[in-house]
Amino acid sequence: MKESKMIITVSGEDKVGIVAKFANVLADYSVNIEDIKQTIMQDHFVMFVMGDLSKSEYTFQEVKDQLLKAGEELKMEVWVQRKAIFDKMHTI
Amino acid sequence: MNSGFNQVLETIEMIKVHHLDIRTVTLALSLRDCVSEDVKVTGDKIYNKIIKYAKNLKAYADEISAEYSIPIINKRIAVTPISSIGEGCREFDYVHLAKILDRAAHEVDVDFIGGYGALVEKGCTRGDSALIESIPEALSVTQRVCSSVNLASSKAGINMDAVLKMGGIIKQAAHLSADKDGLGAAKLVVFCNVPGDNPFMAGAFCGYGEPECALNIGVSGPGVVRAALESMPKDADFGQLAEKIKRIAFKITSSGELIGRELAQRMEIPFGVIDLSLAPTPAPGDSVAGIFEAMGLEMAGAHGTTAALAMLNDAVKKGGIMASSYVGGLSGAFIPVSEDADMIKAAACGCLTFDKLEAMTSVCSVGLDMIAIPGDTSVETIAAMIADEMAIGMINKKTTAVRIIPVPGKTIGERAVFGGLLGEAPIMKINQYNSSAFVSRGGRIPAPIHSLNN
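Being a predicted model, the structure only gives us computed values, none of them experimental. (Residues numbered from 1 in each chain as written. Chains lettered and ligands numbered in written order. Predicted model: local features only at pLDDT ≥ 70, side-chain atom pairs only at ≥ 80, totals over all residues.)

## Observations concerning the overall build of chain A
Thought 1: On a plain count of helices and strands, chain A comes out with 3 helices and 4 strands.
Thought 2: The helix and strand sequence of chain A, counted from the amino end, reads β-α-β-β-α-β-α.
Thought 3: At 13 Å, chain A has a C-alpha radius of gyration in line with the 12 Å of a compact globule built from 92 residues.
Thought 4: In terms of principal-axis extent, the alpha carbons of chain A reach across some 40 × 35 × 20 Å. (Helix = DSSP H or I, 4+ residues; strand = E, 2+ residues; numbered from the N terminus. Rg over C-alpha atoms; globule rule 2.2 N^0.38 Å.)

If you want it as structure tokens, here you go:
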């Protein structure tokens, strides 16, 4: 079975509307948000979102492209990765 | 969320700042069913088979790379030693087969294709001899073909006739690419105890005990190890250093295993092995020599370097083996001089010498790798260097290799520039005394006794 969870990491200068922008993209692409956390680290806004792609009719790459585009518009750095890589690398 | 913040941030930092990447995904492909009496037919069969199996390699690799945001640097193909594939033809035309391999590699857009070689540790067949003779031309008329020849093993001894022959072949390969500082010799490597599942070039090929096809993975990550060691207290003892390296090696290997299995699944071929090697690049910080500095040596080549490398190599294996059930290939730390920025620096200032590199190869995963030597070095001297390196592998029951480049028209103190991942290297000082009477004796150095170890 294919892993359907994705982790989105957003970082950069804090501003109004970051969460809204990314949440909108995910809603438009039918990606369910299962967990979301944000914090300020060393004066930088950092947000982690865990999304579930299983109900979406879009591919991982299509969702990723939109999230990267949203990041560009907000001048934020965005990483979009399948969750499996973290599970695999950090647990024995 | 189960994947905690710190794990996500650590992973991104490993990739973004410390150059963690998948160095290579290598499709190992048997060509044994391509043998025919007509070299043109053999060539067509080879071409069609490669296209059939590898046509999606790059596309799928790029797709997976994007999904995990981890770079996959090289896509490669490794085939059955071509000497045995072209041997059944009425007329030997190995250069034609080299061109076919190159054309297929271009068509499926892989970076390199390996396997233009032979295994001759005990002796050459007619096909082996013809292939070896053709290597310089084959490498000069192709771009992506890599060649490897196994000259020795712990079971067979060292084929000294072939060693001397390859000394000449290496020199010719460099000569035919004189305008590129002898780049041809950088695509040619000779081995002792060559593994048949190595995904790294120039030595990758599909060994005789391998399946029809398999996907082998080579990971990287010296920059990650270096950064981890630098973050430790200066007085951390060796047990703590080893523990840290093991943990990092586990993470690096796990990422490789995940990517490898995913790619194999999408290509609908078996996953082969993961090669646990730490492979440096010329990028700043992505250096094995940098790890020695982080361990406390002023520079690579200082006394203590062999011990540092031995510990590093062992810890990488111990950590990596936990992360994958199928480990193979070369598995260790590479010390290619031209491909490692701190190694280049150490060689340029004279701290890292040819002799020290030879000593290091007794504990590292490969051998004398990407070392530039003066272009006027004699064939016999090159053969003697190979013989020394083969002896280290034969006696210690390990893989050793030689990839040296006698840079045409250049001498000690000058610099050879190969470009890309192959980097650049200062031309190193070598021993000036004569070895020709020794290497010209011919025959085979007998296999060593495997007891009374000392």
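## A look at the sheet that holds strand β2 (residues 32–41) of chain A
Thought 1: Spatially, 4 strands are ordered β2-β3-β1-β4 (chain A) in an open sheet, and the strand pairing comes out antiparallel. The sheet is open, and its two borders are formed by β2 and β4 (77–82) of chain A, each paired with just one other strand. Direction aside, neighbouring strands of the sheet carry axes that sit 15 degrees apart on average.
Thought 2: Lying over the sheet, helix α1 (residues 5–16) of chain B contacts β1 (5–12), β2, β3 (44–52) and β4 of chain A, oriented at roughly 75 degrees with respect to β1(A). (Pairing = 2+ DSSP bridges. Axes fitted to C-alpha atoms, helices over the stretch in contact; angles between N-to-C directions. Contact = placed C-beta atoms within 7 Å.)

## Topic: the pairing of β4(A)
Residue and element names in this part refer to chain A.
Thought 1: Within β4, 5 of the 6 residues are buried, leaving the element largely enclosed by the surrounding structure.
Thought 2: Strand direction decides the pairing type here: β1 and β4, joined by 6 bridges, are antiparallel. Looking across to β4, one finds that I7 is bridged to Q81. (Buried ≥ 20, exposed ≤ 12 C-beta atoms within 10 Å, placed from the backbone.)

## Observations regarding the interface of chain A and chain B
Thought 1: Of the residues lining the interface, 22 residues belong to chain A; the matching set on chain B comes to 17 residues.
Thought 2: When contributions to the side of chain A that touches chain B are tallied by element, the ones reaching two or more residues are β1, β2, β3, α2 (60–74), β4 and α3 (84–90) of chain A.
Thought 3: For the side of chain A that touches chain B, the element with the highest residue contribution is α3(A), accounting for 7 residues.
Thought 4: Taken together, the residues that form the side of chain A that touches chain B break down as 11 nonpolar, 4 polar and 7 charged. (Nonpolar A, V, L, I, M, F, W, Y, C, P; charged D, E, K, R; others polar.)

## Focus: helix α15 (residues 379–396) of chain B
All names here are of chain B.
Thought 1: Across its 18 residues, α15 extends 26 Å between first and last C-alpha, which sits within 8% of the 26 Å expected from 1.5 Å per residue.
Thought 2: Those residues of α15 lying buried are V379, T381, I382, A383, A384, M385, I386, A387, E389, M390, G393 and M394.
Thought 3: K397 occupies a position one or two residues after α15 and carries a positive phi of about 55 degrees. (Expected span 1.5 Å × (residues − 1).)

## Some thoughts on the packing of helix α11 (residues 288–295) of chain B against helix α13 (residues 341–348) of chain B
Residue and element names in this part refer to chain B.
Thought 1: One way to put it is that α11 packs onto α13 with a least axis distance of 5 Å and a crossing angle of 75 degrees. Comparing their axes, α13 and α11 come out roughly perpendicular. Packed against α11, whose contacting residues are A289, G290 and E293, the element α13 presents D342, M343 and A346 at the interface. (Parallel < 35°, antiparallel > 145°, perpendicular 65-115°, else oblique.)

## Focus: the packing of helix α6 (residues 126–140) of chain B against helix α7 (residues 160–175) of chain B
Residues and elements named next belong to chain B.
Thought 1: One way to put it is that α6 packs onto α7 with a least axis distance of 9 Å and a crossing angle of 15 degrees. Between α6 and α7, the angle is such that the two are roughly parallel. The element α6 and its partner α7 pack so that their crossing is right-handed. Within the contact between the two elements, α6 uses I132, I135, P136 and L139 and α7 uses K165, I169, Q172 and A173.
Thought 2: The class makeup of the residues in the contact of α6 with α7 is 6 nonpolar, 1 polar and 1 charged. (Left-handed = near helix turned anticlockwise from the far one by under 90°.)

## A look at the pairing of β1(A)
Thought 1: With 8 bridges joining them, β1(A) and β3(A) adopt antiparallel strand pairing. Across the sheet, the residue bridging to M6(A) is G51(A), located in β3(A).

## Here we look at the confidence of the model for chain B
Thought 1: Across chain B, pLDDT averages 94, with 99% of residues at or above 70.
Thought 2: Interface confidence for the predicted complex, expressed as ipTM, amounts to 0.86; the pTM equals 0.92. (pLDDT = per-residue confidence, 0-100.)

## A word on the nonpolar core
Residues and elements named next belong to chain B.
Thought 1: Core analysis: the largest hydrophobic core is formed by 179 residues, its most contacted members being I77, L101, L151, V163, I371 and I386.
Thought 2: If you tally residues by element for this core, the top one is helix α10 (residues 238–267), at 11 residues.
Thought 3: Counting the residues that make up this core, at least three belong to each of domain 1 (29–192) and domain 2 (219–443).
Thought 4: Non-local contacts of V163, meaning those with residues more than four positions away in its chain, are made with L151, I158, A383, I386, A387, M390 and V439. (Core = buried A, V, L, I, M, F, W, Y, C linked by C-beta atoms within 7 Å. Domains from an automatic or database assignment.)

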